[in-house]
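# Geometric and topological summary
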Amino acid sequence: MDVSEPASISSGIAERYAAAVFELAREADALDTLEANLDDLAQAHADSSDLRDLIHSPVYSRSVQEQGIRAVADKMGLMDTLKNALALMASKRRLLVLPALIVQLREMIADAKGLVTADVTTAVELSSEQSKKLAETLKASVGRDVQIKTTVDESLIGGLIVKVGSKMIDTSIRSKLSSLQNAMKEVG
């Protein structure tokens, strides 16, 4: 059995729903609203264990999931397109792909805006000036505006790891120490 099969099925499901929601939002000239809604939805998913249970638990029936996600969407003030898509996903038992849907939609919106997202992992929080310089440097390299998404990992000791698309640049001290350790093992 191919282990990647369930992940690719989920990814395909999320892609189809994301494409539909994106097109409807673009036709309504509401991409900025959709982007704000996605931020709110992602935050709610991260913060609320009750919401995660509703989405992932097989205990809830389709109708209960649909009513629950509609209530959450109403309370959050989500746009009708997104609200209806979430309700449809619940009625089809597809809510479990919600995190993938959010990722897909964010990528589509960024692409429509001509943005590229760079995942940057640093040992310490970057100042706004450092982020700005990094974005300018990456823009010169990539040729498009770059949106930086940072995370802090103190185990890097220093330096940073930058991922843009399929490219990765690792200038962390942890990586350099690891390379030095491997070189010393080969010598001795």
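Residues numbered from 1 in each chain as written. Predicted model: local features only at pLDDT ≥ 70, side-chain atom pairs only at ≥ 80, totals over all residues. Heavy atoms only, no water.

### Details of the overall build of the chain
Tallying secondary structure elements over the chain gives 8 helices and 4 strands in all. In the chain, the order of α-helices and β-strands from amino to carboxyl end is α-α-α-α-α-α-β-α-β-β-β-α. Taking 2.2 N^0.38 as the reference for a compact globule, 188 residues should give roughly 16 Å; the C-alpha atoms of the chain span a radius of gyration of 20 Å, well beyond that estimate. Counting only C-alpha atoms and orienting by the principal axes, one finds that the chain spans roughly 65 × 40 × 30 Å. Taking all 188 residues of the chain together, the buried fraction comes to 31%. Considering only contacts within the chain whose residues lie at least 6 apart along the sequence, 65% involve residues at least 24 apart. Of the roughly 11600 Å² of accessible surface on the chain, 53% is carried by carbon and sulfur atoms. Here the chain carries 22 positive and 27 negative side-chain charges, and the mean point of each set is 2 Å from the other. (Helix = DSSP H or I, 4+ residues; strand = E, 2+ residues; numbered from the N terminus. Rg over C-alpha atoms; globule rule 2.2 N^0.38 Å. Buried < 20%, exposed > 50% of the residue type's maximum accessible area, 1.4 Å probe, protein only. Contact = heavy atoms within 4.5 Å. Areas by Shrake-Rupley, 256 points an atom, 1.4 Å probe, with all protein chains shown as cover. Lys, Arg positive; Asp, Glu negative; His and termini not counted. Charge placed at Lys NZ, Arg CZ, Asp CG, Glu CD.)

### Quick look at the pairing of strand E2 (residues 145-152)
Bridge analysis of strand E1 (residues 115-122) against E2 gives 8 bridges, and the strand direction is parallel. Across the sheet, Thr122 pairs through a bridge with Val152, a residue of E2. In this region the chain leaves E1, passes through helix H7 (residues 128-142) and returns to the parallel neighbour E2; the handedness of that crossover is right-handed. (Pairing = 2+ DSSP bridges. Right-handed = clockwise from strand over helix to strand, strands pointing away.)

### Overview of the environment of Pro58
As for its placement among the helices and strands, Pro58 is situated in the loop between helix H3 (49-56) and helix H4 (62-76). With 24 residues separating them in the primary sequence, Pro58 and Leu82 have C-alpha atoms 22 Å apart.

### Topic: the pattern of salt bridges
For the coordinates displayed, the defined rule picks out 11 salt bridges. For Lys113, the salt bridge goes to Asp32, with nearest N and O atoms at 3.4 Å. Of this pair, Lys113 sits in the loop between helix H6 (98-112) and E1 while Asp32 sits in helix H2 (residues 31-47), placing them 81 residues apart in sequence. Given the relative accessible area of 40%, Lys113 is considered partly exposed. The salt bridge involving Arg70 is made with Glu66; its shortest N-O contact spans 3.8 Å. (Salt bridge = Lys/Arg side-chain N within 4 Å of Asp/Glu carboxyl O.)

### Quick notes on the nonpolar core
Counting 32 residues, the largest nonpolar core has Leu34, Leu82, Leu86, Leu101 and Leu105 as the members making the most contacts within it. Of all elements in the fold, only helix H1 (4-27), H2, H3, H4, helix H5 (80-91) and H6 reach the threshold of two or more residues within this core. With 7 residues, the top contributor of residues to this core is H1. Not counting residues within four places of it along the chain, the set of residues in contact with Leu101 comprises Ala14, Tyr17, Ala18, Leu86 and Met89. Grouped together as the second largest cluster of nonpolar side chains are 9 residues, Val120, Leu138, Val146 and Val162 included. (Core = buried A, V, L, I, M, F, W, Y, C linked by side-chain atoms within 4.5 Å.)

### Concerning the sheet that holds strand E3 (residues 160-164)
Taken in spatial order, the 4 strands make up an open sheet running E2-E1-E3-E4, and their pairing is mixed. Every interior strand has two partners, whereas the edge strands, E2 and strand E4 (167-170), have only one. Averaged over all adjacent pairs, the angle separating strand axes in this sheet is 20°, with direction ignored. Here E3 pairs with E4 via 4 bridges, running antiparallel. Bridged to Val162 within E4 is Ile169. (Axes fitted to C-alpha atoms, helices over the stretch in contact; angles between N-to-C directions.)

### A short note on H7
Given 3.6 residues per helical turn, the α-helix brings residues three or four places apart onto the same face. The terminal C-alpha atoms of H7, which comprises 15 residues, lie 21 Å apart, in line with the 21 Å expected from a rise of 1.5 Å per residue. Of the surrounding secondary structure, the elements contacted by the buried residues of H7 are E1, E2 and E3. In the segment just after H7, Gly143 is the residue with positive phi, at about 90°. (Expected span 1.5 Å × (residues − 1).)

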